[in-house]
Amino acid sequence: MYLIRYEVDGREHHGILEDGEIAEIEGDFFGALDRTGETAALADVVVKYPTSPSKIINVAGNYLSHIGDSPPFNKPQPFLATPSSALDPDQSIRIPAGAENVHYEGEMAVIIGRRASNVPESSAGDYILGVCAANDVSERDWQGGDDNDVQWWRAKSADTFSPFGPWIATGLDYSNLDLATRLNGETVQSCNTSELIYGVDEVIAFVTRYMTLEPGDVIFTGTSGETSPMSAGDVVEVELEGCGVLRNTVS
């Protein structure tokens, strides 16, 4: 099932996407998913990022191919991005003033479906609504260059730095999905989520030991391989198997 948040004539709706048509539902994705009987063509709506999270949690260094010669962390390494950094599909990633080294990071995002606190790893899947593609946009110089900050507050949470979507896919085996990033049509990242050092269930168990996750919260699970800068005019696409393509321009 594909769950989509969208806008028609300035009004927000939630629905189920089926063969290019959206069946509107009552309320949001955290209830019964009862259909209202109203429908809309996907081509006629504005697609929004699929939930309004109270927090976005990113996981650092979670693919061996990304950390290079560094040893893996001995536990998951989550950090927070602000909800204000979220960006809709097909909208523009804006390079902030003074930013000179802004990279893409194609990732799988996990959407939390119900309140989660002290969740055992064996039950983590029960708290997941579904998954989608994400781009953890990162200003590398603000992370560790000459203009380094103690915290990654602007390197990861600048406005437009957390695109995710275009919709949530439910019922997939999130431990074995192909993930690719394309920059101007060229594949620049390619991996499978089976390569995660710390899998989704383990990350949820670890995070909820200390922090309650709410319905709609999002976990960006980490990026693979090497990344490179984006420039104004570029088009970046993140494709997660079975979840559609998250496409954004850069300005």
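Refer to the preceding data block for the structure.
Because the structure is predicted, anything quoted here is derived from the model rather than measured.

Asks: Outline the packing of aromatic side chains, supporting the account with residue identities and numerical values.
Replies: In the structure shown here, the tally under the stated rule is 5 aromatic pairs. Ring geometry for Phe-79 versus Trp-152: centroids 5.1 Å apart, planes at 85°, classification edge-to-face. Pair noted here: Phe-79 is in strand S7 (residues 78-81) and Trp-152 is in the loop between helix H2 (140-144) and helix H3 (153-157), with a separation of 73 residues, a long-range link. Overall, the relative accessible area of 17% leaves Phe-79 in the buried class. Note on Trp-152: relative accessible area 31%, which makes it partly exposed. Three or more aromatic residues link up through ring pairs in this structure, and these residues are Tyr-49, Phe-164 and Phe-220. The ring of Tyr-49 carries the charged tip of Arg-5 above its face, separated from the ring centre by 4.8 Å. Positioned over the ring face of Trp-142 is Arg-154, at 4.2 Å from the centre of the ring.

Asks: Would you mind going over helix H4 (residues 200-208) in detail, with residue names and values included?
Replies: With 7 of 9 residues buried, H4 lies mostly within the body of the structure. Where H4 is buried, its residues contact strand S6 (56-59), S7, strand S11 (106-112), strand S12 (128-135) and strand S17 (218-220).

Asks: Break down the pairing of strand S18 (residues 235-240) for me, with residues and values.
Replies: Counting buried positions along S18 yields 5 of 6 residues, so the element is predominantly enclosed. Here S18 runs beside strand S19 (residues 245-250); their pairing, made up of 5 bridges, is antiparallel. Within S19, the residue paired with Val-238 across the bridge is Leu-246. What sits between S18 and S19 in their antiparallel hairpin is a turn of 4 residues, with Gly-242 showing a positive phi close to 80°.

Asks: Tell me about the nonpolar core, and please be specific about residues and values.
Replies: In terms of nonpolar packing, the biggest core is built from 30 residues, with Met-108, Val-110, Val-131, Val-200, Ile-204, Ile-219 and Leu-240 touching the most fellow members. Breaking this core down by element, the ones donating at least two residues are S6, S11, S12, H4 and S18. It is H4 that contributes the most residues to this core, 4 residues altogether. Apart from residues no more than four positions distant in its own chain, Ile-219 is found in contact with Ile-57, Val-59, Met-108, Ala-109, Val-110, Ile-112, Val-203, Ile-204 and Leu-213.

Asks: So what about the state of the cysteines? Which residues, and what values?
Replies: Counted according to the given criterion, the structure contains 0 disulfides. The thiol of Cys-132 is unpaired, and the distance to the nearest cysteine sulfur, on Cys-243, comes to 7.1 Å. The exposure class assigned to Cys-243 is buried, which follows from its relative accessible area of 0%.

Asks: Lay out the pattern of salt bridges in plain terms, naming residues and giving numbers.
Replies: Counting across every chain of the model gives 12 salt bridges. When the shortest N-O distance is used, the salt bridge between Arg-154 and Asp-149 registers 2.6 Å. Owing to a relative accessible area of 15%, Asp-149 belongs among the buried residues under this scheme. Linked by salt bridges that have partners in common, Glu-105, Asp-136, Arg-140 and Lys-156 make up one network.

Asks: For the sheet that holds S18, give the residues involved together with the corresponding values.
Replies: The sheet built from 5 strands is open, its strands ordered S9-S19-S18-S15-S16 with mixed pairing. Looking at the sheet topology across the chains shown, the edges are occupied by strand S9 (92-93) and strand S16 (186-192).

Asks: With reference to specific residues and values, describe the pairing of strand S3 (residues 21-25).
Replies: Counting buried residues in S3 gives 4 out of 5 residues, a clear majority hidden from the surface. Linking two consecutive strands that pair antiparallel, namely strand S2 (residues 11-18) and S3, is a turn of 2 residues; a positive phi of about 55° is found at Asp-19 within it. Pairing analysis gives 4 bridges linking S3 to strand S4 (residues 35-41), with the strands arranged antiparallel. The residue bridging Glu-21 from the neighbouring strand is Ala-41, located in S4.

Rules used in this analysis
Residues numbered from 1 in each chain as written. Predicted model: local features only at pLDDT ≥ 70, side-chain atom pairs only at ≥ 80, totals over all residues. Heavy atoms only, no water. Phe/Tyr/Trp six-rings, centres within 6.5 Å; stacked < 30°, edge-to-face > 60°. Helix = DSSP H or I, 4+ residues; strand = E, 2+ residues; numbered from the N terminus. Buried < 20%, exposed > 50% of the residue type's maximum accessible area, 1.4 Å probe, protein only. Lys NZ or Arg CZ within 6 Å of the ring centre and 35° of its normal. Contact = heavy atoms within 4.5 Å. Pairing = 2+ DSSP bridges. Core = buried A, V, L, I, M, F, W, Y, C linked by side-chain atoms within 4.5 Å. Disulfide = S-S within 2.5 Å. Salt bridge = Lys/Arg side-chain N within 4 Å of Asp/Glu carboxyl O.

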